Structure formats: structure tokens, C-alpha cells
Amino acid sequence: MTTGLLPQVAWAHSGNAGFGGVSGVLGAVCVLLVIALLWMGAQLRQQRSQAEQLAVQARTEASQVQHRLEAALLESAQLEQQLREQAEAFERLANEDDLSGLPNRRAFDDALARDMALARRGGRPLSLVVLSIDHLKQINTQWSRAVGDLVLCEVGDLMRRSLRASDMPARLGNKEFAVLLTDTALADAETACQRLQRLFSQYAEWGGHPGGDIKVSFSAGVVQLGEDDQAPVLFYQRAKNALAQAKRDGRARTCAG
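Residues numbered from 1 in each chain as written. Predicted model: local features only at pLDDT ≥ 70, side-chain atom pairs only at ≥ 80, totals over all residues. Heavy atoms only, no water.

Asks: Would you mind showing me how to read the nonpolar core here?
Replies: In a soluble, globular protein the nonpolar side chains are often hidden away together inside. Counting residues in hydrophobic clusters, the biggest one holds 27 residues, and the most contacted among them are Leu131, Ile133, Met159 and Phe200. When contributions to this core are tallied by element, the ones reaching two or more residues are β1 (126-133), α3 (136-143), α4 (145-162), β3 (176-182), α5 (186-202) and β4 (218-224). The element that contributes the greatest number of residues to this core is α4, accounting for 6 residues. Beyond its immediate sequence surroundings of up to four residues, Ile133 is in contact with Leu152, Val155, Lys175, Phe177, Phe200, Val216, Ser217 and Phe218. (Core = buried A, V, L, I, M, F, W, Y, C linked by side-chain atoms within 4.5 Å. Buried < 20%, exposed > 50% of the residue type's maximum accessible area, 1.4 Å probe, protein only. Helix = DSSP H or I, 4+ residues; strand = E, 2+ residues; numbered from the N terminus. Contact = heavy atoms within 4.5 Å.)

What follows is the structure in C-alpha cells.
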């Protein structure tokens, strides 16, 4: 009987040994799986952290780009405004008399051609006054050129004050001025000249000298646009001829042509 039990005991010992080996392998596998999961978790956390850092960096860079773009747009707008202001300043310089502040000869010539065309198209009256400051050379000689220049500035100021907003005074050169009177017939233009003559005679601070030490007057020729005035130069010349007549008649007066 002892001999028969030996194989069974041997088999039992062999089975226990095999089961223990399998358990060891499974344990090792579990450990490896845990290690792998922990490693994968660490990798995922690291990748998530990197992704968050990249997202923050991307947002920061996007914000910086936006700020730079806004700054560039603001700089562009400011530059555009500066260029516009410079263009307007150049336009003023090109069309404004630097002494009196009135429109200059170039601006007057453009306005004369434009207003003549509009008057003909609309069938409306248009009058032109060309005036010359009397004895300006004597003022320059007696009181100085600076005083004479101040007189010209004051002439421009009086013209602006006495005329309507729709009228255009201009300085054509040295002592010669002109006024375009839109929608104005000859008689009303003469009245405007008379009003300006009164302002000249009443002004008591010519050349910055209060008390009426300096007297200033002007001679003027006034004309209304007619059928024969086919070109601006002809219309202007008629006013010049009337001005010459006013000078021959003794100055300080207005003659209609």
C-alpha cells in the first residue's frame, strides 16, 4: 500500500509546484501592468501639462499679435491723419495769400471760371469787383513796409467782415484785390462797394496806429456778367477798365463798367 501512494504524493507535489509558478507569473504580469498604467498616467499628465503650456503660450502669442496689429492700425490711422492734414495745409498754401489770409490769384481764377459757368447755366446774375488800395507806396515810404503789410492784412479783414458768406474776396497781388458776388446784380454790387468804402473811412487804426494817423481808401471797378463776357479774362478786363476809370476820376471811388 505504501508503494501505491507514492505516485499520488508525487503528483500532488508536482501540481502544487505548477500552480505556484502560474501565480508568480500572474503576479509579475499584474505588477508590470500596474507599472505600465502608472507610466502611461505619468505620460498623459506630462502631455496634458505640455498641451496646457502650449495653449497658454499660443494665447499669449495671439494676444501679442493682436496688440501689435492694433498698434499698427492705430499708427496707420495717425499717419493717414497726418498726411491728410499735410495735404490740406499744402492746399491752403497753394490757394491762400500768405499775407492777408484771403484766397490768392490762383484760387480766384478757378472760382471766376466756375462761377461764370454756374451763372450762365442757372441764368443768375454775377458781379465782379476789382479794387486797388490808393497810395500804398506812399504808406510804405512814410510809415515802413511793415506798416504797409499790416494795412493789407487789415484790408483783408474788413473785406471778410463786410461781405456775405457766399461772396469771395481775394488778393490778386500787391495792392490789388477782387470780390466775386454771386447772385448779385450790378446795383447791389455797387452798394456793397459803398458799404466797404464806409468801413475804410470809419476804421481808425490802420497799420496799428490808433487815432486815425493813417488814412486808407481804395478805387474800384465793378461789372456784371454779360453776353459778351465769353471768357473769364474778358470779364476781368472789363472790371480792370472800370477800375482805371475810377483812378482817373480821382481815386477813392467806385466806377461801374
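Next comes the rest of the write-up.
Asks: How should a nonpolar patch on the surface be read in this particular structure?
Replies: Side chains of Val25, Val29 and Leu33 sit close together on the surface and give an oily, nonpolar patch of about 260 Å² of accessible area. According to the relative accessible area criterion, Leu33 is exposed, its value standing at 51%. (Patch = residues over 30% accessible without salt bridge, like charges linked within 9 Å, V, L, I, M, F, W, Y side chains within 5 Å. Areas by Shrake-Rupley, 256 points an atom, 1.4 Å probe, with all protein chains shown as cover. Salt bridge = Lys/Arg side-chain N within 4 Å of Asp/Glu carboxyl O.)

Asks: It is not clear to me how the sheet that holds β1 should be interpreted in this structure. Could you clarify?
Replies: In sheet architecture, strand pairing relies on hydrogen bonds along the backbone and comes in two forms, parallel and antiparallel. If you walk across this open sheet you meet the 5 strands as β2-β3-β1-β4-β5, and the pairing is mixed. Each end of this open sheet is capped by a strand with a single partner; those strands are β2 (168-173) and β5 (254-256). Geometrically, the sheet is characterised by an average inter-axis angle of 20° between neighbouring strands, direction not taken into account. Pairing between β4 and β5: 3 bridges, direction parallel. If you follow Ala220 over to β5, its bridge partner there is Thr254. α4 rests against β1, β2 and β3 of the sheet, and its axis sits at about 10° to β3. Most of the contacts of α5 go to β4, to which it runs at about 165°, and overall it touches β1, β3, β4 and β5. (Pairing = 2+ DSSP bridges. Axes fitted to C-alpha atoms, helices over the stretch in contact; angles between N-to-C directions.)

Asks: What should I look at first to understand the pattern of salt bridges in this one?
Replies: Opposite charge on two side chains permits them to pair, given that their charged atoms come into close proximity. Evaluation of the coordinates by the stated rule reveals 9 salt bridges. Ionic pairing is found between Asp157 and Arg161, a salt bridge with its closest N-O pair at 3.4 Å. On the criterion of helical spacing, the pair formed by Asp157 and Arg161 is a turn pair, its members being 4 residues apart in helix α4. Taking the relative accessible area as the measure of exposure, Asp157 reaches 33% and is therefore partly exposed. In this structure, the salt-bridge partner of Arg238 is Asp229, at a minimum N-O distance of 2.7 Å.

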